[in-house]
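Close look at the chain arrangement
Chain by chain, the residues run as shown.
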Amino acid sequence: MTLAYPISSLKAHPARLSPDYKSTVKRSPQKPLIIMRHTLSELTGPVYGHETVRENDNDLTIQHKGEPLGERIIVHGHVLDEDGRGVPNTLVELWQANACGRYIHVVDQHPAPLDPNFTGAGRTTSDASGYYKFITIKPGAYPWGNHHNAWRPAHIHFSVFGHSFVSRLVTQMYFPGDPLFPFDPIFNSVTDAAARERMISSFDLENTKPEWALAYRFNIVLRGKNATPMETK
Amino acid sequence: MSGITPSQTVGPYFKYGLTPNGEYEWNDAFDGNLVTPDTSGERIRVEGTVYDGDGKIVPDCMLEIWQADSQGRFSDPQDKRALPNTSFRGFGRVGTSKDGTYAFDTIKPGQVADPDGKPQAPHILMAVFARGMLLHLYTRIYFGGEAANAADPVLALVPADRRATLIAQQANCTGNAVYRFDIHLQGDNETVFFEV
Ligand SMILES: [Fe+2]
């Protein structure tokens, strides 16, 4: 079956059942997924641009009266499709823990302080070339209950739309050289080493702002289409 | 560079960023009400509960829907036919409540052709995200009592004994139709999911 968005691209994703990440055991389907041709319903998708984003929504350090504690960073890159083209005007959302590794979410009650000057949510749209940029602070690692002494490597959660509903992606951006990588079942649920690398941002000295903020580059690659134009009837 | 960025779980803490719903200092980009004042079509509510493989409710699930308008047109320029002439966007997003329930207020979509030009029965696409899900799942919401279901080319791919998991059933007799669509991530009653 030839699909407009080849499903071979999906091989990069983790297996839904990845038992080392315990919550997957009861939350992954056991019956086979049904393979089907993409119809117009799958090939179209929500189109949201600038009207969805307020000024400064991409700067998580100026959403409150004071500045958040922690290491200010620039996180930027391109949203691309698999064919290497920039994905323009697409919504990019992110959320993250504060510099201490604490989420503002009410369920996160681990003993690290909240920061009254940091919510940890942002959104922006990519420009005509697919470029996006956030200013935030570097999140801390945090403990979780998956196994004894489990800690998540520092990460920023990303949500991206792209060209169609089947290109929808929710992922996590990691920081280079994190010593927690070998011990994290979520990071290692991606079994291909090259694919894991694509979740790790790169330190970007060139775009670091002297006396102000370090920069990390994170390109997000979404599914691409076959060269054939989409048929609509 | 080749290959896409792998998916990772939405985790347990997405609510304040993606579905704050007035509970956090952040605004909702999207919510569960898709209806705009100028939308034409039959107003409906789709609601249900999300369950895990033990039959326990899933209170930290995010659901997104994508659908055509009442005339089967998508609010996306990639739909090359005439675009909807309303502000109906066809996209909604909610987080499940503490009791695992969700609801969308929308309109019943019109029919959309399959790649052969054959009409599909009215349906809504749904993407399911949660802690414990490393990659979201796609399902489709069809409507009970809809004659077109019998000839729908996608439903025809689904084993007959599992088709009912895709068909929302009307739960009320008066007022705007309320359709019930529960989602079972796993188990005997597992919802049919699609590899798309
Ligand atoms: Fe996280």
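Residues numbered from 1 in each chain as written. Chains lettered and ligands numbered in written order. Predicted model: local features only at pLDDT ≥ 70, side-chain atom pairs only at ≥ 80, totals over all residues. Heavy atoms only, no water.

1. Some words on the overall build of chain B
Helix and strand counts for chain B stand at one helix and ten strands. The order of α-helices and β-strands along chain B, N terminus first, is α-β-β-β-β-β-β-β-β-β-β. For 196 residues, the compact-globule estimate of 2.2 N^0.38 gives 16 Å, and the C-alpha radius of gyration of chain B, at 17 Å, lies within 12% of that figure. Considered along the principal axes of its C-alpha atoms, chain B spans approximately 55 × 40 × 40 Å. In chain B, which comprises 196 residues, the share counted as buried stands at 60%. Within chain B, residue pairs in contact and separated by at least 24 positions form 65% of the contacts whose partners lie at least 6 positions apart. With the model as given, the accessible surface of chain B reaches about 7,300 Å², and the carbon-plus-sulfur share is 48%. (Helix = DSSP H or I, 4+ residues; strand = E, 2+ residues; numbered from the N terminus. Rg over C-alpha atoms; globule rule 2.2 N^0.38 Å. Buried < 20%, exposed > 50% of the residue type's maximum accessible area, 1.4 Å probe, protein only. Contact = heavy atoms within 4.5 Å. Areas by Shrake-Rupley, 256 points an atom, 1.4 Å probe, with all protein chains shown as cover.)

2. A few points about the pattern of salt bridges
Within this structure, the stated rule accounts for 25 salt bridges over all chains. Between B:Asp114 and A:Arg37 there is a salt bridge, with the nearest N and O atoms lying 3.8 Å from each other. Taken together, the residues span two chains, with B:Asp114 in the loop between β4 (101-107) and β5 (124-130) and A:Arg37 in the loop between β1 (34-35) and α1 (40-43). Residue B:Asp114 is classed as buried on the basis of its relative accessible area of 6%. Here A:Arg37 falls in the partly exposed class, since its relative accessible area comes to 34%. Here A:Arg168 makes a salt bridge to B:Glu64, at a shortest N to O gap of 2.6 Å. Of the two residues, A:Arg168 is situated in the loop between β8 (155-160) and β9 (169-174) and B:Glu64 in strand β2 (residues 61-66); the pairing between them involves two chains. A:Arg168 sits in the buried class, given a relative accessible area of 4%. Put simply, A:Glu93, A:Arg168, B:Glu64 and B:Arg93 are held in one network by salt bridges that share partners. (Salt bridge = Lys/Arg side-chain N within 4 Å of Asp/Glu carboxyl O.)

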